[in-house]
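Here is what each chain is made of, one letter per residue.
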Amino acid sequence: MLATVLLPGVVSPAVLLARGRAVRGLGLAGTGVAVALLVLSGGFAVVVARHGAVEAVVVARHGTVWLGLVVDRLAALLLILIMTVSATAQGFAGRYLAGDRGRRRFIAATGLLTMGCAVLATGATLVTVAAGWTLAGAGLVLLLRVYPRLAPARAGARQALRTFAVGDGALWVAVGAATIRWGSVDLRHGLPAQAAGDRGWAAAVAGLIVVAALTRCAQVPWHRWLPASLSAPTPVSALLHAGAVNGGGVLLVRLTPITGAAPAVLYLAVAAGAVSLVYGTSMMLLRADVKGGLAYSTTGQMGFMMMTAGLGWPALTVFHIVAHGLYKATLFLGSGYAVRSAVRATAAAPPPAMTWRRRTLGAVVAVAAAAGVTAAEAWRPYPGGAVLAVFVWACVTALGLGWLRRRATPAAALGVVAAVAAAAFAYVAAAHAVTTFLALPGGAPPAAGAVVAVVAGVSLIAALLRHRAGGPLAAWHKAAYVNLLVSGRGDRPRPAAGRTAAAVVRRTADPIAVGTPS
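I will try to describe carefully the structure that is included in this document. Since the model is a prediction, treat every value here as computed from it, not as a measurement.

Counting residues in hydrophobic clusters, the biggest one holds 95 residues, and the most contacted among them are Phe106, Ile209, Trp225 and Leu251. Not counting residues up to four positions away in its chain, the partners in contact with Ile209 are Leu171, Ala174, Leu251, Leu252, Leu255, Ile258 and Thr259. Judged by nonpolar contacts, the second largest core, of 12 residues, contains Leu361, Ala369, Val373 and Val416.

Quick look at the pattern of salt bridges now. Under the criterion given, the structure shown has 4 salt bridges. Residue Asp72 pairs with Arg254 through a salt bridge whose shortest N-O separation is 3.9 Å. Of this pair, Asp72 sits in the loop between strand E2 (65–71) and helix H3 (73–96) while Arg254 is found in helix H9 (residues 247–254), placing the two residues 182 residues apart along the sequence. With a relative accessible area of 24%, Asp72 lands in the partly exposed category.

Turning to unusual backbone geometry, a few remarks are in order. For the bond running from Val220 to Pro221, omega is 10°, close enough to zero to count as cis. Mapped onto the elements of the fold, Pro221 is located in the loop between helix H7 (199–216) and helix H8 (234–242). Positioned with a positive phi, Ala218 is a non-glycine residue whose angle comes to about 55°. Position of Ala218 relative to the elements: it lies in the loop between H7 and H8. Although it is not a glycine, Ala439 adopts a positive phi angle of roughly 50°. Inspection of the secondary structure assignment puts Ala439 in the loop between helix H17 (410–438) and helix H18 (448–467).

Attention shifts here to the environment of Tyr327. With respect to the helices, strands and loops of the structure, Tyr327 is situated in helix H13 (residues 314–333). Along the sequence, Tyr327 and His241 sit 86 residues apart, while their C-alpha atoms lie 9.6 Å from each other.

Time to look at H17. Helix length check: H17 (29 residues) gives 42 Å between terminal C-alpha atoms against 42 Å at 1.5 Å per residue, within 8%. Considered for burial, the residues of H17 that qualify are Ala412, Ala413, Val416, Val420, Ala421, Ala424, Val428, Ala431, Val434 and Leu438. Residue Ala439 follows H17 closely and has a positive phi angle near 50°.

Side chains of Arg101, Arg105, Arg145, Arg149, Arg158 and Arg162 sit close together on the surface and give a patch of like positive charge. Along the polypeptide, Arg149 turns up in the loop between helix H5 (126–144) and helix H6 (151–182). Looking at Arg149, the relative accessible area reads 71%, which means it is exposed.

How each quantity is defined
- Residues numbered from 1 in each chain as written.
- Predicted model: local features only at pLDDT ≥ 70, side-chain atom pairs only at ≥ 80, totals over all residues.
- Heavy atoms only, no water.
- Core = buried A, V, L, I, M, F, W, Y, C linked by side-chain atoms within 4.5 Å.
- Buried < 20%, exposed > 50% of the residue type's maximum accessible area, 1.4 Å probe, protein only.
- Contact = heavy atoms within 4.5 Å.
- Salt bridge = Lys/Arg side-chain N within 4 Å of Asp/Glu carboxyl O.
- Helix = DSSP H or I, 4+ residues; strand = E, 2+ residues; numbered from the N terminus.
- Expected span 1.5 Å × (residues − 1).
- Patch = residues over 30% accessible without salt bridge, like charges linked within 9 Å, V, L, I, M, F, W, Y side chains within 5 Å.
- Areas by Shrake-Rupley, 256 points an atom, 1.4 Å probe, with all protein chains shown as cover.
- Lys, Arg positive; Asp, Glu negative; His and termini not counted.
- Charge placed at Lys NZ, Arg CZ, Asp CG, Glu CD.

Honestly, that's just the spatial picture; any functional story needs more than this.
Rendered as structure tokens:
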């Protein structure tokens, strides 16, 4: 088990001392190590599922455990994801960075990042988890500096370093506060007994942990470091978006014994996740460049993940981490195909105007899709499943209605309804399978219904802003559009007295020019 977690870090100092052809050999060795550890992680998953967790801890005096690793079902699944992404990215980089000066730095930083993520996923104590968190952050910053002579790369690394300093500082303050108050926190046995009635202190510690998670997941207001990293080469982007950015969700799931003692604090994660979900998705739709759109989509997807963690669904959080990691690794390593798809989408004719017939057909589809999602949720009930059903319905129905705008026929509408129902049932079945396998504690906070109401209200407002071309909401729609365009630069336009948002839009001759430079 120690080899699985610590061996990737052994490559880092070796490759820094290597020269010439030895660098290529160590690169192949790093890829081979990741593949071998992937196979070993799969073996751990089988052993853990049959015989229970595997542990390696350092026991101090009086039986206190300060450092240690444990591979349970959760850790085994996360190790499989970590090693899969690491092996794939390193194998891709073997050709992509062949002969590149930054290859040695990439191999060393990837080994450090892989080891840090593995320690984070398997930490048995609070101190061990925090150490893995910091190691992963250090490896990520070094990855962003693969090209140190490139000014945008240096700026992106500095932005990430400042953001991570906030998150790491918050986490280590939480570690210090918990240690001073409760002693060593052994996550295998939950929170110490003396912490059970210490709600105020537990809330403070949980709040600091949530802040740390939000910074690593690029959530508002700590989201700017992610789009600032667009100058990183493709293998770095794959490791960043498919692996490292998921660290916030892993942290919240691993530290559930602590955050579970103050569930009200998790509403901070829900609120930040909801804002980031709306903001990231909106920016993804506005960005003209493919890589920038993918970066902001990661912010939005991490927002959904943070909401699942904040609402007390750790198994769904892990399910989203694995699905997002594999999906984003595929997108970035296949970015050439993404560019071709974007070119085809740009060259396609605009969709027809929305007639009353199309609107009526869309409303019927939305209602029928809601019935299908409700049936899926009733088939496999989940604590607080109404919140999840709202998001599944909104996401899948939006895709279906986009397809329906170009093919507004009864047959197409029937196909959309069938696809939405099938997707809902498949999602619920997969979520139920992961929940059963991991057997993690969880439960929806008491005010989950209020979250449903807020989400429904935000969705209604967004729909009105999207479809009302005139009337009193037109000025708000245009102002939101312009502010999103310039939000990447941080200089939001403020019209002078007597000027309307429409005047600002007219003054912006080239809207893409004011977006975040890629």
